[in-house]
Amino acid sequence: LIDDLQWLDHDSGALLAHLLGGPEPAVSLFVAAVRTDRGRGDAIAVETLEAKVLTPVWRIALQPLSIDESRALLRNRWRGEAPLDPATIDRLAHGSGGNPFLADLLAKSPVSELGGSDILKEAVLRQYRGLESRAREGLEMLCVSTRPMNVQLLTKAIGAPDSGALDALRSDSLVRVTGSNEGWGMEPRHGAIRETVRNALDAETRRARHRRLAEALRADPRVDPEILVEHLSGSGDAGAAAQVALQ
């Protein structure tokens with residue numbers, strides 16, 4: 001079972017094609033999860049692998065949980081001491097939008113603190129505000145970025161001695177970590193987390209987070225110019241962004 005197959009690179013694809021295809025493929029069941037919101041480039045990588053594998057390939061599109069399924073998951077994952085009443089279960093089930101991860105996030109939040117109309121936003125903000133300062137800054141930087149950030153670079157940007165300062169983001173399931181040829185990357189676990197945290201930041205804080213990321217990126221000789229331009233522009237330094245874009 002392999003999650004996040006959309007991050008498949010050329011070498012990994014060649015290895016999987018060799019293991020699953022070839023003249024005498026091993027008898028096995030290979031299950032992979034692929035996110036379809038990452039753009040056409042990731043879809044092409046998966047389709048290329050499918051074309052090289054001679055054995056049958058089945059695609060199963062996962063739909064959102066039904067309200068009944070969401071209710072059942074919330075009951076199973078509920079962390080509160082008192083049992084959930086039917087009205088609260090319905091409120092949380094609808095708030096999750098049928099997403100298992102978001103339902104689990106809501107199940108970890110004290111219902112008494114989720115009194116507004118947007119309970120998902122309140123649950124995300126509660127976790128975000130409860131983080132230690134460096135972990136909170138790291139999450140803010142991830143949420144102002146449009147793509148995954150290298151863990152070592154992010155650690156440098158928040159001024160931490162090692163990546164342990166970001167452990168709370170993983171343990172609280174606020175981020176996902178994926179590997180590639182460039183090392184470990186980190187990004188918000190769900191778009192709702194990115195949007196909620198980014199919208200909670202004032203303009204000056206957003207610029208400051210972009211600025212710190214740009215400084216860390218500039219010190220990396222392997223930096224992707226597009227990423228650097230994104231954060232220079234976000235920091236308000238349009239001149240420097242234009243200069244890098246023209247190089």
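As shown above, the structure is provided for reference.
Draft legend 1. Quick look at the pattern of salt bridges. Within this structure, the stated rule accounts for twelve salt bridges. Ionic pairing is found between Asp-224 and Arg-147, a salt bridge with its closest N-O pair at 4.0 Å. Here Asp-224, found in the loop between α11 (203-218) and α12 (225-234), pairs with Arg-147, found in the loop between α7 (133-144) and β1 (149-150); they are 77 residues apart in sequence, far enough to count as distant. With a closest N to O distance of 3.9 Å, Arg-211 and Glu-204 form a salt bridge. The exposure class assigned to Arg-211 is partly exposed, which follows from its relative accessible area of 33%. One network of salt bridges, in which partners are shared, links Asp-68, Arg-71 and Asp-90.

Draft legend 2. Focus on unusual backbone geometry. One non-glycine residue, Ser-173, adopts positive backbone phi at about 60 degrees. Its place among the elements puts Ser-173 in the loop between α9 (167-171) and β2 (175-180). The exposure class assigned to Ser-173 is partly exposed, which follows from its relative accessible area of 22%.

Draft legend 3. Structural context of the nonpolar core. In this structure, Leu-139, Leu-169, Met-186 and Leu-213 are the most contacted members of the largest nonpolar core, which totals 51 residues. Here Leu-213 is in contact with Met-141, Val-144, Met-149, Leu-153, Leu-154, Ala-157 and His-231, once residues within four sequence places are set aside.

Draft legend 4. How the structure looks around the environment of Leu-246. The residue Leu-246 is located in helix α13 (residues 238-246) in this model. Residues Leu-246 and Pro-225, 21 residues apart in the sequence, show an inter-C-alpha distance of 9.8 Å.

Draft legend 5. Looking closely at the packing of helix α5 (residues 100-107) against helix α6 (residues 119-129). As a packed pair, α5 and α6 sit with axes 10 Å apart at the nearest point and diverge in direction by 65 degrees. On the basis of the axis angle, α5 is roughly perpendicular to α6. Judged by the sense of rotation from one axis to the other, the crossing of α5 with α6 is left-handed. Of the residues in α6, those in contact with Leu-102, Leu-105 and Leu-106 of α5 are Ile-119, Leu-120, Ala-123, Val-124 and Gln-127. Class assignment of the residues belonging to the contact of α5 with α6 gives a composition of seven nonpolar, one polar and no charged.

Draft legend 6. A look at a nonpolar patch on the surface. A cluster of nonpolar side chains, namely Leu-1, Leu-29 and Val-31, defines an oily patch on the protein surface of about 390 Å² accessible area. Structurally, Leu-29 can be placed in the loop between α1 (10-20) and α2 (40-52). For Leu-29, a relative accessible area of 76% translates into the label exposed.

Cut-offs and rules
Residues numbered from 1 in each chain as written. Predicted model: local features only at pLDDT ≥ 70, side-chain atom pairs only at ≥ 80, totals over all residues. Heavy atoms only, no water. Salt bridge = Lys/Arg side-chain N within 4 Å of Asp/Glu carboxyl O. Helix = DSSP H or I, 4+ residues; strand = E, 2+ residues; numbered from the N terminus. Buried < 20%, exposed > 50% of the residue type's maximum accessible area, 1.4 Å probe, protein only. Core = buried A, V, L, I, M, F, W, Y, C linked by side-chain atoms within 4.5 Å. Contact = heavy atoms within 4.5 Å. Axes fitted to C-alpha atoms, helices over the stretch in contact; angles between N-to-C directions. Parallel < 35°, antiparallel > 145°, perpendicular 65-115°, else oblique. Left-handed = near helix turned anticlockwise from the far one by under 90°. Nonpolar A, V, L, I, M, F, W, Y, C, P; charged D, E, K, R; others polar. Patch = residues over 30% accessible without salt bridge, like charges linked within 9 Å, V, L, I, M, F, W, Y side chains within 5 Å. Areas by Shrake-Rupley, 256 points an atom, 1.4 Å probe, with all protein chains shown as cover.

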